[in-house]
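Reading the structure
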Amino acid sequence: MVLKQSLSTARFFLVLIVLALSSGCAASSAFKRGKNFEKQRNYDEALANYRLAYAEDPKNHEYRLYFERARAQAAIAHLDFGRKLREVGKLEDSLVEFRRCAEIDPSIAVAAQEIAATEKAILERERKQDEEKRKLAEIVERNKVVSPRETLA
């Protein structure tokens, strides 16, 4: 009976050790993938992998450091790309990038400012387009060709 209980206890600890090692391997693997993505400047994928590694081993300070750094890099990359898109007039696309920046790192206050400014620019552009359409419709209405019968009457 005692032998069965000690075997049962031994199996339990063996399972715990295997689980601990496998989660450590998963964390280590995700961390390595994160480093590779970071070298390629693919900060979104680096962030995703560092997040996995950190979630698997939250006591690992190196994982946390890399996760936080990748989060900042990814957020700034989206902010910069959003600004470039806005410069070439792609306001909706830039708004997506600014929102992604704010989602990744809400502490970046300038992202909220960029979102507000871009939303305002989109509304202003739409207002101008509506005004131009209205003016064009007025011009068309004024310059309609009068039929020859109307001029003779």
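Read on for a plain summary of the structure. As the structure is a prediction and not an experimental result, all values here were calculated from the model.

Before going further, it helps to spend a moment on the environment of Glu38. With respect to the helices, strands and loops of the structure, Glu38 is situated in helix H1 (residues 2-39). Since its relative accessible area comes to 12%, Glu38 is described here as buried. For the pair formed by Glu38 and Ala70, sequence separation is 32 residues and the distance between their alpha carbons is 7.6 Å. Residues in contact with Glu38, not counting those within four places in the same chain, are Tyr43, Ala46, Tyr50, Tyr66, Arg69 and Gln73. Of note is the side chain of Glu38, whose polar atom sits 2.6 Å from the side chain of Tyr50.

A few words on the pattern of salt bridges. One pass over the full model with this rule turns up 11 salt bridges. Taking the shortest distance from any N to any O, the salt bridge between Arg71 and Glu68 comes out at 3.1 Å. Of this pair, Arg71 and Glu68 both sit in helix H3 (residues 61-87), three residues apart, roughly one helical turn. Given the relative accessible area of 24%, Arg71 is considered partly exposed. Among the ionic pairs, Arg100 bridges to Glu103, the shortest N-O distance being 2.7 Å. With Arg100 and Glu103 both in helix H4 (residues 91-104), this residue pair falls three residues apart, about one helical turn. By relative accessible area, Arg100 is classed as partly exposed at 29%. Residue class for Glu103 comes out exposed when judged on its relative accessible area of 57%. Among the charged side chains, a network of salt bridges with common partners joins Arg83, Arg86 and Glu114.

An ideal rise of 1.5 Å per residue puts 20 Å on 14 residues; H4 measures up with 20 Å between its terminal C-alpha atoms. Leu91, Ser94, Leu95, Glu97, Phe98, Cys101 and Ile104 are the residues of H4 that are buried. Summarising the contacts, the buried residues of H4 are in contact with helix H2 (43-56), H3 and helix H5 (109-142).

H4 packs onto H3 with a crossing angle of 165 degrees between their chain directions and a minimal axis gap of 8 Å. The pairing of H3 with H4 is recorded here as roughly antiparallel in orientation. With respect to the hand of their crossing, H3 and H4 are arranged in left-handed fashion. Together, Arg71, Ala74, Ala75, His78, Leu79, Phe81, Gly82, Arg83, Leu85 and Arg86 of H3 and Leu91, Asp93, Ser94, Glu97, Phe98, Arg100, Cys101 and Ile104 of H4 make up the contact between the two elements. In terms of residue class, the contact of H3 with H4 is made up of nine nonpolar, three polar and six charged.

Moving on, we come to the packing of aromatic side chains. Applying the stated rule across the entire model yields five aromatic pairs. Seen from their ring centres, Phe31 and Tyr63 are 4.7 Å apart, and the 35 degrees between their planes marks the pair as tilted. With Phe31 in helix H1 and Tyr63 in helix H3, the pair connects residues that are 32 residues apart, well separated along the chain. Owing to a relative accessible area of 8%, Phe31 belongs among the buried residues under this scheme. Taking the relative accessible area as the measure of exposure, Tyr63 reaches 8% and is therefore buried. Taking 5.7 Å as the distance between ring centres and 20 degrees as the angle between the ring planes, the aromatic pair formed by Tyr54 and Phe67 counts as stacked. Taken as a pair, Tyr54 in helix H2 and Phe67 in helix H3 lie far apart in primary sequence, 13 residues in all. When its relative accessible area of 9% is taken as the criterion, Phe67 is described as buried. Ring pairing ties together the aromatic residues Phe31, Tyr50, Tyr63 and Tyr66, which thus form one cluster.

Conventions used here
- Residues numbered from 1 in each chain as written.
- Predicted model: local features only at pLDDT ≥ 70, side-chain atom pairs only at ≥ 80, totals over all residues.
- Heavy atoms only, no water.
- Helix = DSSP H or I, 4+ residues; strand = E, 2+ residues; numbered from the N terminus.
- Buried < 20%, exposed > 50% of the residue type's maximum accessible area, 1.4 Å probe, protein only.
- Contact = heavy atoms within 4.5 Å.
- Polar contact = N/O pair within 3.5 Å; in protein donor to acceptor, adjacent residues only side chain to side chain.
- Salt bridge = Lys/Arg side-chain N within 4 Å of Asp/Glu carboxyl O.
- Expected span 1.5 Å × (residues − 1).
- Axes fitted to C-alpha atoms, helices over the stretch in contact; angles between N-to-C directions.
- Parallel < 35°, antiparallel > 145°, perpendicular 65-115°, else oblique.
- Left-handed = near helix turned anticlockwise from the far one by under 90°.
- Nonpolar A, V, L, I, M, F, W, Y, C, P; charged D, E, K, R; others polar.
- Phe/Tyr/Trp six-rings, centres within 6.5 Å; stacked < 30°, edge-to-face > 60°.

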